[in-house]
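For reference, the chains in residue letters:
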Amino acid sequence: MGVEQSLPLDLAKKFDPDEIKRLSRRFKRLDLNKDGSLSLDEFMSIPELQQNPLVKRVIDILDTDRNGAIDFQEFIEGVSQFSVQGETDKKLKFAFKIYDIDQDGFISNGELFQVLKTMVGSNLTDKQLQEIVDKTILYADKDNDGKISYEEFCDVVGGLDVTSKMVIDLK
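Computed from a predicted structure; not experimentally measured.

A word on unusual backbone geometry. Unusually for a residue other than glycine, Arg66 sits at a positive phi of about 55°. Structurally, Arg66 can be placed in the loop between helix 4 (55-62) and strand 2 (70-71). Looking at Arg66, the relative accessible area reads 48%, which means it is partly exposed. The residue Gln103 is not glycine, and still its phi comes out positive at about 55°. Relative to the helices and strands, Gln103 resides in the loop between helix 6 (88-99) and strand 3 (106-107).

Rendered as structure tokens:
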């Protein structure tokens, strides 16, 4: 049955066979050049993603083998994090990774600035944005090391019910 047969057991258990078939069909429709993987350009063919400034960051996170494209296994792993049954901790870790660009386990002032700049574009001046970043770091950084750890991140966003908004419909 193609790509869906080669899924690791832990991923295959997260979806029923009908969901895997639907996801496989969706993956194949998105795979415009039929090379078995999804590039940034192919993701950008999805109208809902065309206006999302964080698509490249999301793809960078999903691309676990760092080959510049998302294969079916990476696609399923990513989708599993955003399913209704997706675990809150995994959703929070994914959200943290959006900001932790250098993957050192912390969100630095510069990383927070860079991601927020991507999100707000030219709606704020760099000075205004830097003030927001500085205040956010001061607020979240409980151990005063000048950066935000995963635990500090969870303390701030965990109570905001962010993970309930991190859901995609698999139907």
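What follows continues from the structure just given.
A word on the layout of surface pockets. Taking a probe equal in size to a water molecule and rolling it over the atoms shows the remaining empty space. In this model, the second largest pocket occupies a volume close to 230 Å³. Along its surface, the second largest pocket is lined by Ile61, Leu62, Thr64, Gln73, Glu74, Glu77, Gly78, Gln81, Lys90, Lys93, Phe94 and Lys97. Taken together, the elements giving at least two residues each to the lining of the second largest pocket come down to helix 4, helix 5 (72-81) and helix 6. Per-element tally for the lining of the second largest pocket: the top contributor is helix 5, with 5 residues. Split into classes, the residues belonging to the lining of the second largest pocket amount to 3 nonpolar, 4 polar and 5 charged. Formed jointly, the lining of the second largest pocket draws a minimum of three residues from each of two domains, domain 1 (17-82) and domain 2 (88-158).

Another point: the UniProt feature "domain: EF-hand" (unreviewed entry) in the chain. Under the local residue numbering, the UniProt record ascribes the feature "domain: EF-hand" (unreviewed entry) to residues 50-85, 87-122 and 128-163. Within the segment residues 87-122, helix and strand shares are 67% and 6% respectively, and the terminal C-alpha atoms sit 35 Å apart.

Here is what the cut-offs are and how they apply
Residues numbered from 1 in each chain as written. Predicted model: local features only at pLDDT ≥ 70, side-chain atom pairs only at ≥ 80, totals over all residues. Heavy atoms only, no water. Helix = DSSP H or I, 4+ residues; strand = E, 2+ residues; numbered from the N terminus. Buried < 20%, exposed > 50% of the residue type's maximum accessible area, 1.4 Å probe, protein only. 1 Å grid on protein atoms, 1.4 Å probe; cavity = no way out; pocket = protein on both sides within 12 Å on 5 of 7 lines; lining within 4 Å. Points joined across faces, edges and corners; volume = space filled by probe spheres on them. Nonpolar A, V, L, I, M, F, W, Y, C, P; charged D, E, K, R; others polar. Domains from an automatic or database assignment. UniProt positions renumbered as here; feature names shortened; annotations may be inferred.

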